[in-house]
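# Observations on the model geometry
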Amino acid sequence: MQAIPLLRGINATGSLHTRFSAWTPIANKSFNKHLFQERVGLISHWFDLWTDKQRKQFLHTILLKCSKSQLRFTQNWFAERIPVTKVDFTSVLPRFISLYIFSFLSPRELCATAQVSWHWKFLTEQDCLWMPKCIKFGWFLPYTPTDNEHGAWKHHYITCAATLDYFTPREASKIYGTLNEPKSENEEQEERLREKQLRKMIQERLALHKKDLFMARPRWGSRTWSSRFFKSSLQPCPAQTIQDCTRLQAALLIIKERNAIPNHTLSTLLSEEMKSMSSFSLAAEKQLVLASLKSFPNRRNVAGTRSYPLLPYKHRQNIYQKYSNCIYPLHPCLLLISSQIPAYEMVLDSTKPEVVPVVYEHSGMTLESLFFYIEKALDGRKAKSIGIFSDGDSREISLLQGCRISIENILSSEIREFWEKLGGCVTSPEEGGHVDIFVPLAASETGMEVLSHLSHLTGVFFRTPTGIATRCYQHILSEWLGEQKVGPPTSIYFTEVKLQMWLRLTELMEDAMKPIRKQMRPYLRELQKNISDRLIGHFMFDAISTGRISTDQEVAQTTADGLTELSKRSYGKRHLKDSDDKRTRLARELLRSERNYVQMLEIVRDVYTTPLKAALASNRAILSHSNVQIIFSDILEVLQLNREILDDLTERLEEWCPAQCLGDIFIKFGLQLQTYTNFFNNYAVILKTIDKCRQTVPLFWAFLKRHDKTIATNMRSLQELLLCPSRRFEEYINFLYALRLHTPPDHADREDVTAAIMKMKQYKDYVDQLQLNISRDEQMLNAQRIIQGCPNLLEANRYLIKVQDVAQVSCRSEEIHLSLRLYEHVSDLSLFLFNDALVISSCNISYKPFERIPNTSYQFLASVALHRLLVEDIPDSKYIKNAFILQGPKQRWICSTEDEDSKFIWLSVLHSAINCSIEKN
């Protein structure tokens with residue numbers, strides 16, 4: 001009814017513009033406001049009449065129609081008028097006040113608080129909270145944490161607390177000579193009675209444990225190595241046996257190791273053992289270790305192949321003649337095949353059935369190991385002929401990596417001993433024995449001299465091809481040196497058809513390589529022409545010192561004449577002009593490479609950092625601010641530094657002339673390498689943070705999936721883009737070397753480029769060493785992770801060499817003769833050999849139902865410094881094979897490997913490590 005007079009007033013004033021309905025005029029603001037108030041009152045009247053359910057439904061509908069600004073207005077209205085009862089005080093209070101509140105908590109309470117949320121975990125792991133708690137107990141951090149390192153003092157506190165030893169008052173009195181609390185006589189008698197009962201319980205369980213081992217021991221009666229040994233050792237133990245072993249070890253630790261030092265690290269464990277010994281005892285012990293190494297049996301006894309006396313040669317010959325139709329010939333033909341030969345598998349397949357082939361690794365082998373395989377293949381026999389199929393040329397034989405047999409080193413002790421032993425494995429020349437070397441040594445005088453020395457050393461006739469060495473090995477089909485009664489050597493060892501197939505393959509490979517060599521030849525020839533004079537100068541000054549040149553007039557005059565003649569060459573000016581042109585091209589190539597590198601770093605900024613920071617600012621955070629800083633702060637500083645280098649290079653190239661310099665730019669760059677140092681020091685933390693956030697933050701996982709390996713990132717992931725700085729310094733060194741090569745000696749930039757090369761090389765060595773340390777530390781951490789109860793292995797200059805699985809056995813009686821002793825299997829051990837110590841751990845293997853792969857667990861037992869370790873061999877007998885003894889200062893272990901090869905390789909590596917450790921100490 002009230003709207004009728006209003007409408008009449010509107011009609012009296014004339015027609016008004018309306019929007020959406022005749023009830024909402026636009027031009028007349030007073031009428032518009034009046035109508036709005038009336039409608040609000042009407043809706044309020046209806047709202048009062050509705051039920052609670054209807055009111056909630058109406059509010060839900062209204063809120064859905066609101067925009068973001070209207071919803072934000074509603075949120076602020078509620079925040080002002082409705083008091084907050086529960087709020088995270090760390091998000092309201094300043095950070096220093098929150099840290100002050102957390103400082104009143106104990107370490108256990110701080111660890112519990114860290115499990116509330118990621119933000120609380122970040123606050124409770126701050127160094128300002130944990131450093132006072134560590135210093136209170138005298139636990140000082142052995143290094144200074146970097147700016148981006150997080151939680152160093154907390155991890156140090158946990159490590160120190162986890163390795164503490166607790167002593168009872170009686171134990172403390174035995175160590176320190178005092179009691180914390182005086183006790184009465186009755187209390188002391190009760191404590192002694194408890195200890196007596198504990199000892200009785202230990203003796204009973206020891207007897208029960210020994211009985212169980214006696215009942216379950218494997219058979220050792222067979223003369224050959226049986227798989228039953230390892231089958232029995234791999235079978236899971238019953239649960240009760242495991243519990244008894246665990247309780248037994250715990251009880252023994254209580255009684256026998258009361259005076260043990262806390263095992264903080266492996267080095268402290270070993271050093272504390274040495275403190276108890278005098279200097280005279282240490283020297284005597286070192287002499288004992290050296291004597292044990294010298295008196296250790298030779299390789300034949302170590303391998304166990306010659307523990308029993310062999311039949312005389314005549315008797316063996318009669319046996320072989322009796323069974324002459326057997327496939328086991330008396331004098332076989334042996335063929336050594338190097339793995340460096342291309343497609344050596346085809347060479348192996350082309351050998352005849354009566355030939356004994358031996359394929360050996362070209363790298364990672366020694367002459368002693370190679371001869372071990374030869375002896376193993378011959379098995380006490382002598383070969384009618386031995387063929388050596390390896391790489392080489394007309395002057396030398398590439399037998400092993402780092403061992404090239406030539407006229408210069410053929411008379412060295414190691415090589416001479418190898419060839420003398422090899423000659424003893426071949427029958428005499430009267431019986432037709434010879435050695436065939438598939439290297440064309442007969443094609444040169446130097447090679448003939450090598451053959452003469454080999455024949456003199458071994459007393460055996462050698463045959464080699466006379467053809468010229470080619471990359472497709474066609475020389476083996478040429479004529480051979482010496483008489484060939486049976487036929488060419490290729491017909492003795494190989495099937496002709498299969499050998500021809502392999503030669504055809506090598507010929508095809510050579511044809512494929514010819515165009516590549518043809519394209520590379522002009523570049524290599526030009527490079528050789530440019531650097532030949534410099535190489536001569538380097539070689540001369542390496543052989544003749546500067547002092548000799550200044551004092552010896554003849555040498556000085558000859559050097560001056562040579563330099564004068566060099567300066568008078570006809571192409572001097574043209575060479576200088578060519579150097580200027582190449583220097584210009586190198587400078588432009590350097591600018592282009594730097595621009596590409598900066599673009600790769602800008603991809604990290606534009607594709608990853610900018611969207612993450614924008615999301616953080618718009619209250620839709622994908623990652624927290626701390627994680628964004630950890631991942632991208634260092635790489636952005638690297639980008640800023642290289643942007644400056646790019647600007648300097650661009651400015652120099654715009655004003656380029658032959659006299660322009662570039663070395664000072666890299667010298668300036670070398671003074672700012674702390675930015676790269678921060679990045680490389682935090683590189684591992686950055687990668688771990690990315691992996692952790694990708695696993696725990698679904699939004700970040702989706703973000704990486706959306707942006708990784710796209711066109712915008714040049715089909716690379718974030719981790720691959722972060723790898724670019726580590727490869728950049730090698731590119732810098734190559735560019736600078738090429739730049740110095742084409743820079744004249746009197747150029748003003750020569751010294752700066754040389755200084756920049758030295759600086760870049762030093763920093764690249766630092767990066768390479770950092771990478772090597774990270775890989776070694778990763779091995780150490782993996783070893784420490786899998787060995788339960790292991791002390792801290794991660795220390796400077798320590799690295800893992802080899803891991804060997806052995807079986808620990810015990811002798812029932814050591815009074816009887818060595819060959820008649822009976823042994824029983826005790827447990828399985830894993831020996832972790834480091835460069836300074838040997839860590840011994842037990843190896844427990846268990847199987848789960850419906851699974852083929854067993855679960856392997858390791859338990860730390862002991863550690864022995866290598867310079868205090870004695871090694872003793874146990875000859876093979878009817879009851880044991882491939883065994884040896886490791887004797888430490890406090891305990892010894894009788895171990896046995898699976899086969900003789902494993903024993904020989906393990907003891908060889910162990911002896912080398914012991915010798916190196918003794919030399920260092």
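A few points on the structure. Fair warning: this is a prediction, and the values are worked out from it, not measured in the lab.

### Topic: the nonpolar core
- The biggest cluster of nonpolar side chains holds 59 residues, and the ones touching the most others in it are Phe632, Phe669, Tyr676, Phe700 and Phe729.
- When near neighbours in sequence (up to four residues on either side) are disregarded, Phe700 contacts Leu612, Ile622, Leu623, Ile690, Cys693 and Arg694.
- With 35 residues, the next largest nonpolar core counts Ile388, Leu400, Val435 and Ile437 among its residues.

### A closer look at the packing of helix α30 (residues 674-681) against helix α35 (residues 750-786)
- At a minimum axis separation of 11 Å, α30 and α35 run at an interaxial angle of 10°. For the element pair α30 / α35, the angle class is roughly parallel. Mapping the contact onto sequence places Tyr676, Thr677, Phe680 and Asn681 in α30 and Tyr763, Tyr766, Val767 and Leu770 in α35.
- Of the residues contributing to the contact of α30 with α35, the split by class is six nonpolar, two polar and no charged.

### Looking at the side chain of Ser406
- Inspection of the secondary structure assignment puts Ser406 in the loop between β8 (403-405) and α21 (413-424).
- A polar side-chain atom of Ser406 sits 2.9 Å from a polar atom in the side chain of Glu408.
- Once residues within four sequence positions are removed from consideration, Ser406 is found in contact with Arg395, Glu396 and Val450.

### Focus on the pairing of strand β18 (residues 892-896)
- Extensive coverage of β18 is indicated by the burial of four of its five residues.
- Note: strand β12 (residues 800-811) against β18, three bridges, orientation antiparallel. Along β18, the bridge assignment pairs Val809 with Ile894.
- Sheet topology places strand β17 (residues 883-887) next to β18; five bridges connect them, and they run antiparallel. Residue pairing in the sheet places Ile885 in a bridge with Ile894 of β18.

### Here we look at the sheet that holds strand β16 (residues 870-874)
- Ordered by their spatial adjacency, eight strands build an open sheet running β11-β15-β14-β13-β12-β18-β17-β16, and the pairing between neighbours is mixed. Of all the strands in the sheet, the pair left with one neighbour each is β11 (787-788) and β16.
- In this structure, β12 lies alongside strand β13 (residues 823-834), joined through eleven bridges in antiparallel fashion. Across the sheet, residue Lys802 finds its bridge partner in β13, namely Leu833.
- On the sheet, helix α36 (residues 900-920) packs against β12, β13, β14 (837-846), β16 and β17 and is oriented at approximately 115° with respect to β12.

### Points about helix α32 (residues 698-707)
- Burial in α32 covers these residues: Phe700, Phe703, Leu704 and His707. Taken around the axis of α32, the buried residues stretch over an arc of 95°, which confines them to a single face. Those residues of α32 that are exposed and aimed more than 90 degrees away from the buried face are Pro698, Lys705 and Arg706.
- A positive backbone phi angle near 55° is found at Lys709, which sits one or two residues after α32.

### Quick look at the packing of helix α9 (residues 127-136) against helix α10 (residues 152-162)
- For the pair α9 and α10, interaxial distance at closest approach is 7 Å and the crossing angle is 35°. The crossing of α9 and α10 is left-handed. Residue-level contacts link Asp127, Trp130, Met131, Lys133 and Cys134 of α9 to Ala152, Trp153, Lys154, His156 and Tyr157 of α10.
- Tallied by class, the residues present in the contact of α9 with α10 amount to six nonpolar, one polar and three charged.

### Structural notes on the environment of Met131
- Residue position: Met131 is located in helix α9.
- By relative accessible area, which is 33% here, Met131 ends up partly exposed.
- For the pair Met131 and His156, spaced 25 residues apart in the sequence, the C-alpha separation amounts to 9.3 Å.

### Some points on α35
- Under the 1.5 Å per step criterion, the end-to-end length of α35 is 54 Å for 37 residues, consistent within 8% with the ideal 54 Å.
- All of the buried residues along α35 are Arg750, Val753, Ala756, Ile757, Met760, Tyr763, Val767, Leu770, Met780 and Ala783.

### Let's talk about a negative patch on the surface
- Together, Glu644, Asp647, Glu651, Glu654 and Glu655 make up a negatively charged patch on the protein surface.
- By secondary structure assignment, the location of Glu654 is in helix α28 (residues 625-654).
- The exposure class of Glu654 is exposed, given its relative accessible area of 64%.

### Regarding the pairing of strand β4 (residues 355-360)
- The sheet contact formed by strand β3 (residues 333-338) and β4 spans six bridges and is parallel. Note that in β4 the partner of Cys333 across the bridge is Val355.
- Following the backbone out of β3, through helix α19 (residues 344-349) and into the adjacent parallel β4, one traces a crossover that is right-handed.

### Notes on the packing of aromatic side chains
- Evaluated as defined, the whole model comprises 38 aromatic pairs.
- Judged by centre distance (5.4 Å) and plane angle (65°), the rings of Trp139 and Tyr157 are edge-to-face. Taken together, the residues Trp139 in the loop between α9 and α10 and Tyr157 in helix α10 connect sequence positions 18 residues apart. In terms of burial, Trp139 and Tyr157 fall into one category: buried.

Conventions we followed
Residues numbered from 1 in each chain as written. Predicted model: local features only at pLDDT ≥ 70, side-chain atom pairs only at ≥ 80, totals over all residues. Heavy atoms only, no water. Core = buried A, V, L, I, M, F, W, Y, C linked by side-chain atoms within 4.5 Å. Buried < 20%, exposed > 50% of the residue type's maximum accessible area, 1.4 Å probe, protein only. Contact = heavy atoms within 4.5 Å. Axes fitted to C-alpha atoms, helices over the stretch in contact; angles between N-to-C directions. Helix = DSSP H or I, 4+ residues; strand = E, 2+ residues; numbered from the N terminus. Parallel < 35°, antiparallel > 145°, perpendicular 65-115°, else oblique. Nonpolar A, V, L, I, M, F, W, Y, C, P; charged D, E, K, R; others polar. Polar contact = N/O pair within 3.5 Å; in protein donor to acceptor, adjacent residues only side chain to side chain. Pairing = 2+ DSSP bridges. Arc of directions from axis to C-beta. Left-handed = near helix turned anticlockwise from the far one by under 90°. Expected span 1.5 Å × (residues − 1). Patch = residues over 30% accessible without salt bridge, like charges linked within 9 Å, V, L, I, M, F, W, Y side chains within 5 Å. Areas by Shrake-Rupley, 256 points an atom, 1.4 Å probe, with all protein chains shown as cover. Salt bridge = Lys/Arg side-chain N within 4 Å of Asp/Glu carboxyl O. Lys, Arg positive; Asp, Glu negative; His and termini not counted. Charge placed at Lys NZ, Arg CZ, Asp CG, Glu CD. Right-handed = clockwise from strand over helix to strand, strands pointing away. Phe/Tyr/Trp six-rings, centres within 6.5 Å; stacked < 30°, edge-to-face > 60°.

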